[in-house]
Amino acid sequence: MNRRKFLKIVGSSGVIVAASSAGIGAFVFTRTPKSALLPWEQAGSQYSDPMRKALSYAILAPNPHNRQPWVVDLISSNEAVLTCDLQRLLPDTDPFSRQITIGLGCFLELFALAASHNGHRSQITLFPKGEPGEQLNDKPIAHLKLIKDSQLKPDPLFVHALNRRTNRNPYDMGRSITQNQLSEIIRVAGSNVSAGGVVQGKQLQDLRDLTRDALRDEILDPQAFRESVDLMRIGRAEIEANPDGISLGGAFLETLSLVGVLNRKELADPSSSAFQVGLDMVDDQALTSMGFVWINTQGNGRRDQIAAGRNYLRVALRVTSLGLAMQPMSQALQEYAAMQIYYKKIHSMLTGGGEERVQMLARLGYAETISPSPRWALITRIGA
Ligand SMILES: Cc1cc2nc3c(=O)[nH]c(=O)nc-3n(C[C@H](O)[C@H](O)[C@H](O)COP(=O)(O)O)c2cc1C
């Protein structure tokens, strides 16, 4: 959140935040949602069996609105079945669960990288009981098997898994991304997708404008924005109770929430200052993009979406390794009515036409680092 602008609101509502008062340090300290962040600290160390060890990393995968739609049924210490939790879909902004499926692809890639780091080859059989059509169902997304392999070379991308973040801060407009860096990023994507990017020129500016307009229109679409607002977790108690969704945490935002400036009602009300700040933030995000990277697939089947997710995770880890920040900007790729105009524009800009589909689009740049986002503990994601 934009601190400067929020201070303006706080000022205009007559509330004084004593940011410099004694005791603020202690307050800051107590606002950290410790248990919601434990999965990041405990990854790889809580379990000795290869399956749960790899899964403890997989749950840290990026996924839309941090819904964490994964459920894993363990069969043995090296075999499991992944399904999608159908209560965790995003029906308004992701009506065909394309993005949810991409998130499951990110999960599978991180699972495979973690397993390889632990000397296991992963055999991932997608949709063993049939591929879902327009809507996801309760049939398995994948059957997972781990096979010990002493010849296996661990994938070096894995070492960046715990540092990867979705960084929504404004990016530093004084620091460009080089063409070489972009090539390094794109190079990690496999041949089952086509990855592209831009770091300068007219196309960069066009994408900044387009992502800004699409984001603004999503916020101005009451139904779509309501879905996001309902998933906002404001302050430590809410984040700890539901370590998913969109977390608005930290001492500063929590103080605003305590004084009544920041709450779901205000955030959803177009006449409120909080709503206006939300719109301004969107400009700060989109217009400070110093590059974009995208991942396209030739079709839009479920396997394409999984492939897009697997490759997005690889790209995100490479971005992390270069000390760069990244944030998906998905609005223009979404299928609901208000996005149609952007959907068409982005596809004519970034694809060769036909059935080719832009599955992921993310902005790049240098930014202040941020804390990891909350996660449900692995134990809560294990089914039968
Ligand atoms: C398919 C997909 C779409 C996403 N779209 C957006 C987006 O439009 N805006 C955004 O800020 N983050 C987006 N994200 C990032 C998620 O919100 C993020 O991964 C999640 O909140 C967990 O945070 P983390 O990536 O820092 O672990 C997307 C992630 C995925 C996998």
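The shown structure was predicted, so the numbers you read here are calculated from the model rather than taken from an experiment.

A. Expanded view of the environment of R233. Along the chain, R233 turns up in strand 6 (residues 232-234). Looking at R233, the relative accessible area reads 11%, which means it is buried. Sequence separation between R233 and P243 is 10 residues, and the spatial gap between their C-alpha atoms is 8.1 Å. In this structure, R233 is in contact with R67, E238, I239, N242, D244, G245, I246, S247, L248 and R264, ignoring residues within four places of it in sequence. Here N242 takes part through its backbone oxygen, which lies 3.4 Å from a polar atom of the side chain of R233.

B. View of helix 6 (residues 179-187). All of the buried residues along helix 6 are Q181, L182 and I185. Buried residues in helix 6, looked at end-on, bunch into an arc of 100 degrees, giving them a common side. Summarising the geometry of helix 6, the exposed residues directed more than 90 degrees from the buried face are N180 and R187. On its buried face, helix 6 sits against strand 5 (194-198), strand 8 (291-297), helix 13 (302-321) and strand 10 (357-365).

C. Examining the sheet that holds strand 1 (residues 70-76) more closely. What the 4 strands build is an open sheet, ordered 1-2-4-3; its pairing is antiparallel. The open sheet is flanked by strand 1 and strand 3 (120-126), the only strands paired with a single partner. Taking each pair of neighbouring strands and ignoring which way they run, the sheet shows an average axis angle of 20 degrees. Along the sheet, helix 4 (residues 50-58) makes contact with strand 1, strand 2 (79-84), strand 3 and strand 4 (142-148), crossing strand 1 at roughly 170 degrees.

D. Examining the side chain of Q334 more closely. With respect to the helices and strands, the residue Q334 is situated in the loop between strand 9 (325-328) and helix 14 (340-350). The exposure class of Q334 is buried, given its relative accessible area of 4%. At 3.0 Å, the side chain of Q334 and the side chain of Q99 are in polar contact.

E. Examining the packing of aromatic side chains more closely. Following the criterion strictly, the structure yields 3 aromatic pairs and no others. Here Y57 and F158 contribute two aromatic rings whose centre-to-centre distance is 4.8 Å and whose plane-to-plane angle is 80 degrees, an arrangement assigned as edge-to-face. Taken as a pair, Y57 in helix 4 and F158 in the loop between strand 4 and helix 6 lie far apart in primary sequence, 101 residues in all. What makes Y57 buried here is its relative accessible area of 16%. Among the residues examined, F158 registers a relative accessible area of 6% and is labelled buried. Above the face of the W40 ring, R165 is positioned so that its terminal group lies 5.3 Å from the ring centre.

F. Quick look at the sheet that holds strand 9. Taken in spatial order, the 4 strands of this open sheet run 5-8-10-9, and their pairing is antiparallel. Strand pairing shows two members of the sheet lacking a second neighbour, strand 5 and strand 9, which therefore form its edges. Averaged over all pairs of adjacent strands, the angle between their axes in this sheet comes to 25 degrees, without regard to strand direction. Looking at chain direction, strand 9 and strand 10 are connected through 4 bridges and run antiparallel. Bridged to M326 within strand 10 is L364.

G. Expanded view of the site of the ligand. Close to the ligand lie 20 residues; R164, T166, R168, S330 and R375 are nearest. Note that a nitrogen atom of the ligand is positioned 2.7 Å from one of the side-chain N or O atoms of S330. One nitrogen or oxygen atom from the side chain of Q331 is found 3.3 Å from an oxygen atom belonging to the ligand. For the ligand, whose accessible area on its own is 620 Å², the fraction buried by protein is 92%. Those elements that provide at least two residues to the shell around the ligand are helix 5 (98-117) and strand 9. Partitioned by chemical class, the residues of the shell around the ligand number 7 nonpolar, 9 polar and 4 charged.

About the cut-offs
Residues numbered from 1 in each chain as written. Predicted model: local features only at pLDDT ≥ 70, side-chain atom pairs only at ≥ 80, totals over all residues. Heavy atoms only, no water. Helix = DSSP H or I, 4+ residues; strand = E, 2+ residues; numbered from the N terminus. Buried < 20%, exposed > 50% of the residue type's maximum accessible area, 1.4 Å probe, protein only. Contact = heavy atoms within 4.5 Å. Polar contact = N/O pair within 3.5 Å; in protein donor to acceptor, adjacent residues only side chain to side chain. Arc of directions from axis to C-beta. Pairing = 2+ DSSP bridges. Axes fitted to C-alpha atoms, helices over the stretch in contact; angles between N-to-C directions. Phe/Tyr/Trp six-rings, centres within 6.5 Å; stacked < 30°, edge-to-face > 60°. Lys NZ or Arg CZ within 6 Å of the ring centre and 35° of its normal. Near = heavy atom within 4 Å. Areas by Shrake-Rupley, 256 points an atom, 1.4 Å probe, with all protein chains shown as cover. Nonpolar A, V, L, I, M, F, W, Y, C, P; charged D, E, K, R; others polar.

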